[in-house]
Every structure is written in C-alpha cells, then in structure tokens.
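Next come the chains, spelled out residue by residue.
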Amino acid sequence: MRFEVYVEEPSMKEALEGVLPRILGADHEHRVHAFRGKAELLREIPRRLRAYASWLPPDWRVVILVDADRDDCRLLKARLLCAAREAGLEDRVLCRIVVEELEAWYFGDIEALRTAYPRLPASLGAKATFRNPDAIAGGTWEALDRELKRAGYREGLAKFAAAQAIAPHLDPERNRSRSFQVFRDGVRRMAGSQP
C-alpha cells in the first residue's frame, strides 16, 4: 500500500519522514508533500483530492495532517472531511489534527527529545506543565523554545533542525501525545495493521 501524505510545512514533513517508517512498517510506501503553511494546504487540498479521484490506484491512501493551532479541531477536521467526501474519496482519506502544534508530539516522547538535546533535564516529562503534551498552555513551540534555551541551547528551537534531530528517535509506542496516538492508530488502521 502507498500513502500520499500532505502536511502544512517542511518541518512537519521532515518529522514524518523520520517516524512514518516505524508506524507503517516495511510493507508500505509513503511520500510526504509539504505546503508553505496551513492556509495554502487548506486552499489546495480540495483541488488535489478532486484530481486524485480520477486516477488514485486502489491500494493508495491519502493522509492529511495539519496543526490545530488555535482553530476548533472539530471544525478543521470537518472541513477536510468535506473536501474528501466531495471528491468521493472519504473512505481512502485520513484527516488528522495535531493538537496544538507538532512540538506537542516531541513533548510526548521526552526520551526522544533528550536524545536529540541531551542537556534537557531528565525530569522534564514529570513537570505538570508537560505531562499532557496536547494541553500545554501558551503554544508548544514557545514552550520547547524556552526549555531548550533554559538548558543552554542558545539558538532555541529551529523547527526544521529540531525535526531532523528528534524524529529519528520518536518511538510510536511510547509517545504520550493523544493527537500522535490518534494519528498513529488511524494510519495503521488504513494500512490494515491494526483493527
């Protein structure tokens, strides 16, 4: 089976390139396409899905992944599902929302974060602020940037470099981010490797 994955920006593409092979396993292919932001993804997805409708092979699936940011997750997902339904592909398209931003997935796997940035404290995941990665107040990017600077990484969080450093170490089974778990399980269901 082949997965065509659409994401809103290059750092998300880089992160998925690092973790998708461990989610899908060796029997599945994937290609990740990055847009230049959420607005472009939301504008272009309906057209791309209509184009797929005329030629998508039966063993191909489409995955759309977008940050919630401060949008209502249900409305955002409904908008994407509506585009899939209008293209006649709703049974072959998976729409998932990262709550709130990709960095929540990094906070969901403190061990991966610490492998990439070893000066981060081992106690980071025990802090009340970070126990539920999808509920970090004030933005997950900002929180990770602050923690990196506190740990002596003066440059703070560079999104693309962080994706390159962290994603190879993300363990799909230990990630505590609920939005990551929903993404992982949805992809595996589509691949037929999970009920």
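Look a little higher up for the structure.
Residues numbered from 1 in each chain as written. Predicted model: local features only at pLDDT ≥ 70, side-chain atom pairs only at ≥ 80, totals over all residues. Heavy atoms only, no water.

Chemist: Which residues make up the packing of helix H2 (residues 38-53) against helix H3 (residues 73-86), and what values go with them?
Modeler: Helix packing geometry: the angle between the two helix axes and the distance between the axes. Look at H2 against H3: their axes get within 8 Å of each other, and the N-to-C directions meet at 25 degrees. When the axis of H2 is compared with that of H3, the two are roughly parallel. Where H2 abuts H3, its residues Lys38, Leu41, Leu42, Ile45, Pro46 and Leu49 lie against Leu76, Arg79, Leu80, Ala83 and Ala84. Split by residue class, the contact of H2 with H3 holds 9 nonpolar, no polar and 2 charged. (Axes fitted to C-alpha atoms, helices over the stretch in contact; angles between N-to-C directions. Helix = DSSP H or I, 4+ residues; strand = E, 2+ residues; numbered from the N terminus. Parallel < 35°, antiparallel > 145°, perpendicular 65-115°, else oblique. Contact = heavy atoms within 4.5 Å. Nonpolar A, V, L, I, M, F, W, Y, C, P; charged D, E, K, R; others polar.)

Chemist: Before we move on, can you summarise the nonpolar core with the specific residues and values?
Modeler: Core analysis: the largest hydrophobic core is formed by 43 residues, its most contacted members being Leu16, Tyr106, Phe107, Leu113, Phe183 and Val187. The dominant element in this core, judged by the number of residues it contributes, is helix H1 (residues 10-24), at 7 residues. Excluding residues that lie within four positions of it along the chain, leucine 16 makes contacts with Val5, Val7, Pro21, Val32, Leu65, Trp105 and Phe183. Formed by 22 residues, the second largest nonpolar core is a distinct cluster that contains Tyr6, Ile45, Val93 and Cys95. (Core = buried A, V, L, I, M, F, W, Y, C linked by side-chain atoms within 4.5 Å. Buried < 20%, exposed > 50% of the residue type's maximum accessible area, 1.4 Å probe, protein only.)

Chemist: Report on the sheet that holds strand S3 (residues 60-67), specifying residues and quantitative values.
Modeler: Overall, parallel pairing links the 4 strands, which are arranged S2-S1-S3-S4 in an open sheet. Either end of the sheet is taken by a strand with one partner, and the two such strands are strand S2 (29-34) and strand S4 (93-98). Taken pair by pair, the neighbouring strands of this sheet meet at an average axis angle of 20 degrees, ignoring direction. Across 6 bridges, strand S1 (residues 2-7) lies against S3 in parallel orientation. Within the sheet, the bridge partner assigned to tyrosine 6 lies in S3 and is isoleucine 64. Contacting S1, S2, S3 and S4, H2 crosses the sheet at an angle of about 165 degrees to S3. With respect to the sheet, H3 is in contact with S3 and S4, its orientation differing from that of S4 by roughly 160 degrees. (Pairing = 2+ DSSP bridges.)

Chemist: Provide a residue-level description of the pattern of salt bridges, including the pertinent values.
Modeler: Counting across every chain of the model gives 17 salt bridges. A salt bridge links arginine 2 to glutamate 29, with the shortest nitrogen-to-oxygen separation between them at 3.2 Å. Taken as a pair, arginine 2 in strand S1 and glutamate 29 in strand S2 lie far apart in primary sequence, 27 residues in all. We classify arginine 2 as buried; its relative accessible area is 17%. Ionic pairing is found between glutamate 103 and lysine 159, a salt bridge with its closest N-O pair at 3.1 Å. Of this pair, glutamate 103 sits in helix H4 (residues 103-107) while lysine 159 sits in helix H8 (residues 159-166); the two residues are 56 residues apart in sequence, bridging distant segments of the chain. (Salt bridge = Lys/Arg side-chain N within 4 Å of Asp/Glu carboxyl O.)

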